[in-house]
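# Architecture at a glance
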Amino acid sequence: MNRKELLQKAGMAVAVSGILSTLSAEDHDHSTMSMPTAGKSKYSKAMMAALHCQLAAEVCLSHCLTELGKGDKSLAACATSTREVISLCDSFVKLASQSSTYTKKLANLCVEVCEACAKECDKHANHHTVCKECRDSCLACVKELKKV
């Protein structure tokens, strides 16, 4: 693992840790607050999977763009698929946190896009660790979103 990959992984770990601590803090009894929290939402697991998938896709996209800048055109489709995952997972979390009537429809579309991204990242998983991690996150997200 080179320094860049280590920094990317560390950054992702810090981001996930921050999200988890925020959600954990929201689980405490705040009797003055009446807003529902992600920790109590019926979509909590799917939202967490989507957040993790979004973060992994962000790291993968950054890696793809760096490699594209060096002239490696083989990651162009991977960059495109990660951008789509980032957008859809973000939208899913926003709608699910509101218990929107469109949550299930968006979850189904998100499943389709995450499956496509996992397939694309799988092509590079043996050579790029971030692609493997993105693929794995997409598959985990698909598993949870299918339960919505």
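Scroll up to find the structure.
What comes next concerns the included structure. (Residues numbered from 1 in each chain as written. Predicted model: local features only at pLDDT ≥ 70, side-chain atom pairs only at ≥ 80, totals over all residues. Heavy atoms only, no water.)

The subject of this paragraph is the overall build of the protein. In terms of helices and strands, the protein carries 5 helices and 0 strands. Of the regular secondary structure in the protein, the N- to C-terminal order runs α-α-α-α-α. The 148 residues of the protein split such that 43% are buried. Expressed as a percentage of contacts within the protein between residues at least 6 apart in sequence, the contacts between residues at least 24 apart total 68%. Of the accessible surface of the protein, which amounts to about 8,500 Å², a share of 57% is contributed by carbon and sulfur atoms. (Helix = DSSP H or I, 4+ residues; strand = E, 2+ residues; numbered from the N terminus. Buried < 20%, exposed > 50% of the residue type's maximum accessible area, 1.4 Å probe, protein only. Contact = heavy atoms within 4.5 Å. Areas by Shrake-Rupley, 256 points an atom, 1.4 Å probe, with all protein chains shown as cover.)

Orientation of helix H3 (residues 76–97) relative to helix H4 (residues 103–122), taken along the N-to-C sense of each, is 155°, at an axis distance of 9 Å. Relative to H4, the element H3 is oriented roughly antiparallel. Crossing geometry of H3 relative to H4 is assigned as left-handed. Contact residues: Ala 77, Cys 78, Ser 81, Thr 82, Glu 84, Val 85, Leu 88, Cys 89, Ser 91, Phe 92, Leu 95 and Ala 96 in H3; Thr 103, Leu 106, Ala 107, Leu 109, Cys 110, Val 113, Cys 114, Cys 117, Glu 120 and Cys 121 in H4. For the contact of H3 with H4, the residue count by class is 16 nonpolar, 4 polar and 2 charged. (Axes fitted to C-alpha atoms, helices over the stretch in contact; angles between N-to-C directions. Parallel < 35°, antiparallel > 145°, perpendicular 65-115°, else oblique. Left-handed = near helix turned anticlockwise from the far one by under 90°. Nonpolar A, V, L, I, M, F, W, Y, C, P; charged D, E, K, R; others polar.)

Bringing the nonpolar core into the picture now. Core analysis: the largest hydrophobic core is formed by 37 residues, its most contacted members being Val 85, Cys 89, Phe 92, Cys 114, Cys 138, Cys 141 and Leu 145. When residues of this core are traced back to their parent elements, those giving at least two are helix H2 (44–69), H3, H4 and helix H5 (129–145). With 10 residues, H2 is the largest single contributor of residues to this core. Residues in contact with Cys 114, not counting those within four places in the same chain, are Cys 53, Val 85, Cys 89, Cys 138, Cys 141 and Val 142. (Core = buried A, V, L, I, M, F, W, Y, C linked by side-chain atoms within 4.5 Å.)

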